[in-house]
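# Coordinate inspection notes
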Amino acid sequence: MLSSSHANALETKHANLEARLHEEMNRPVPDTGTIQQLKKAKLRIKEELSHI
């Protein structure tokens, strides 16, 4: 049960990061540093999800 709720929380974080990434990339002048950070955070969450 714990891993299921943990997985749901991670999936929610991943979706939020995806939305922020999409938002940043569609700005007139996207911040490449922010984009890199968001992509790395998404990758860490995806890796953690694969180990649950």
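Here the structure is shown first, and the text comes after it.
Residues numbered from 1 in each chain as written. Predicted model: local features only at pLDDT ≥ 70, side-chain atom pairs only at ≥ 80, totals over all residues. Heavy atoms only, no water.

Per the secondary structure count, the protein chain includes 2 helices and 0 strands. Relative to its length of 52 residues, the protein chain is extended, with a C-alpha radius of gyration of 13 Å against a globular reference of 10 Å. Projecting the C-alpha coordinates of the protein chain onto the three principal axes gives extents of approximately 45 × 15 × 10 Å. Element-wise, carbon and sulfur atoms account for 55% of the exposed surface of the protein chain, whose accessible area totals about 4,200 Å². (Helix = DSSP H or I, 4+ residues; strand = E, 2+ residues; numbered from the N terminus. Rg over C-alpha atoms; globule rule 2.2 N^0.38 Å. Areas by Shrake-Rupley, 256 points an atom, 1.4 Å probe, with all protein chains shown as cover.)

For helix 2 (residues 32-50), with 19 residues, the first-to-last C-alpha span of 27 Å sits near the 27 Å given by 1.5 Å per residue. Along helix 2, the residues that are buried comprise I35, L38, A41, K42 and I45. All buried residues of helix 2 lie within an arc of 130 degrees about the axis, which places them on one face of the element. Of the exposed residues in helix 2, the ones pointing more than 90 degrees away from its buried face are T32, Q37, K40, R44 and S50. Capping of helix 2 at its N-terminal end is provided by D31; its side-chain oxygen lies 3.1 Å from the backbone amide nitrogen of G33. (Expected span 1.5 Å × (residues − 1). Buried < 20%, exposed > 50% of the residue type's maximum accessible area, 1.4 Å probe, protein only. Arc of directions from axis to C-beta. Polar contact = N/O pair within 3.5 Å; in protein donor to acceptor, adjacent residues only side chain to side chain.)

Right, let's talk about the side chain of K42 for a bit. The topology assignment puts K42 in helix 2. Those residues in contact with K42 that lie beyond four places of it in its chain are H14, L17, E18 and L21. (Contact = heavy atoms within 4.5 Å.)

Turning our eyes to something else, we now look at the pattern of salt bridges. The tally for this structure, following the rule as stated, stands at 2 salt bridges. Linking E18 and K42 is a salt bridge whose minimum nitrogen-to-oxygen distance equals 2.2 Å. Taken as a pair, E18 in helix 1 (residues 2-25) and K42 in helix 2 lie far apart in primary sequence, 24 residues in all. Residue class for K42 comes out buried when judged on its relative accessible area of 15%. Residue R27 pairs with E24 through a salt bridge whose shortest N-O separation is 3.0 Å. Among the residues examined, R27 registers a relative accessible area of 42% and is labelled partly exposed. The class for E24 is buried, based on a relative accessible area of 8%. (Salt bridge = Lys/Arg side-chain N within 4 Å of Asp/Glu carboxyl O.)

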